[in-house]
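As a plain string of letters, each chain reads:
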Amino acid sequence: MTPLERTPGATPSPSSTPLMWLTVLTGLVSIVAVVVLSLTHNPEATAAAGTIGTAVTAIGGVQIGMRNRQ
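The rules behind these values
Residues numbered from 1 in each chain as written. Predicted model: local features only at pLDDT ≥ 70, side-chain atom pairs only at ≥ 80, totals over all residues. Heavy atoms only, no water. Helix = DSSP H or I, 4+ residues; strand = E, 2+ residues; numbered from the N terminus. Buried < 20%, exposed > 50% of the residue type's maximum accessible area, 1.4 Å probe, protein only. Areas by Shrake-Rupley, 256 points an atom, 1.4 Å probe, with all protein chains shown as cover. Contact = heavy atoms within 4.5 Å. Patch = residues over 30% accessible without salt bridge, like charges linked within 9 Å, V, L, I, M, F, W, Y side chains within 5 Å. Salt bridge = Lys/Arg side-chain N within 4 Å of Asp/Glu carboxyl O.

Trainee: Now, about the overall build of the protein chain: what can you tell me, with residues and values included?
Mentor: Of the regular secondary structure elements, the protein chain holds 2 helices and 0 strands. Each of the 70 residues in the protein chain was classed as buried or not, and the buried ones make up 14%. Looking at the protein chain as shown, the accessible area adds up to about 5,700 Å², and 72% of this sits on carbon and sulfur atoms.

Written out as structure tokens, the structure is:
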């Protein structure tokens, strides 16, 4: 039988909470921008907004992961 004691999960530090929200909001804004730009037939701007949003979201996600592990 497994023991009832469990190790507590990692809780995000208070300093990473604003970064987490900024990462989420950047992702949402980039998705909305890509949809709006694609509906208005701007393929170059759509690609640029998608690339920038993806890069910022990826960089923010890496920073959040590194802060939680420390």
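Trainee: If you had to explain the environment of Ile 31 to someone new, which residues and values would you point to?
Mentor: Within the secondary structure, Ile 31 sits in helix H1 (residues 17-39). Separated by 18 residues in the primary sequence, Ile 31 and Ala 49 have C-alpha atoms spaced 8.4 Å apart.

Trainee: Hey, could you go over the side chain of Thr 46 for me, with residue numbers and the actual values?
Mentor: Within the fold, Thr 46 resides in helix H2 (residues 43-69). Owing to a relative accessible area of 15%, Thr 46 belongs among the buried residues under this scheme. For Thr 46, the residues in contact, after removing those within four places along its chain, are Val 34, Leu 37 and Ser 38.

Trainee: Report on the environment of Val 34, specifying residues and quantitative values.
Mentor: With respect to the element layout, Val 34 can be found in helix H1. With relative accessibility at 25%, the residue Val 34 sits in the partly exposed group. The sequence separation of Val 34 and Thr 46 amounts to 12 residues, and the corresponding C-alpha distance is 5.1 Å. Apart from residues no more than four positions distant in its own chain, Val 34 is found in contact with Thr 46, Ala 49 and Gly 50.

Trainee: Tell me about a nonpolar patch on the surface, residues and numbers included.
Mentor: Taken together, the side chains of Met 20, Trp 21, Val 24, Leu 25, Leu 28, Ile 31, Val 35 and Leu 39 make up a nonpolar region of the molecular surface, amounting to roughly 790 Å² of accessible area. With respect to the helices, strands and loops of the structure, Leu 28 is situated in helix H1. Since its relative accessible area comes to 48%, Leu 28 is described here as partly exposed.

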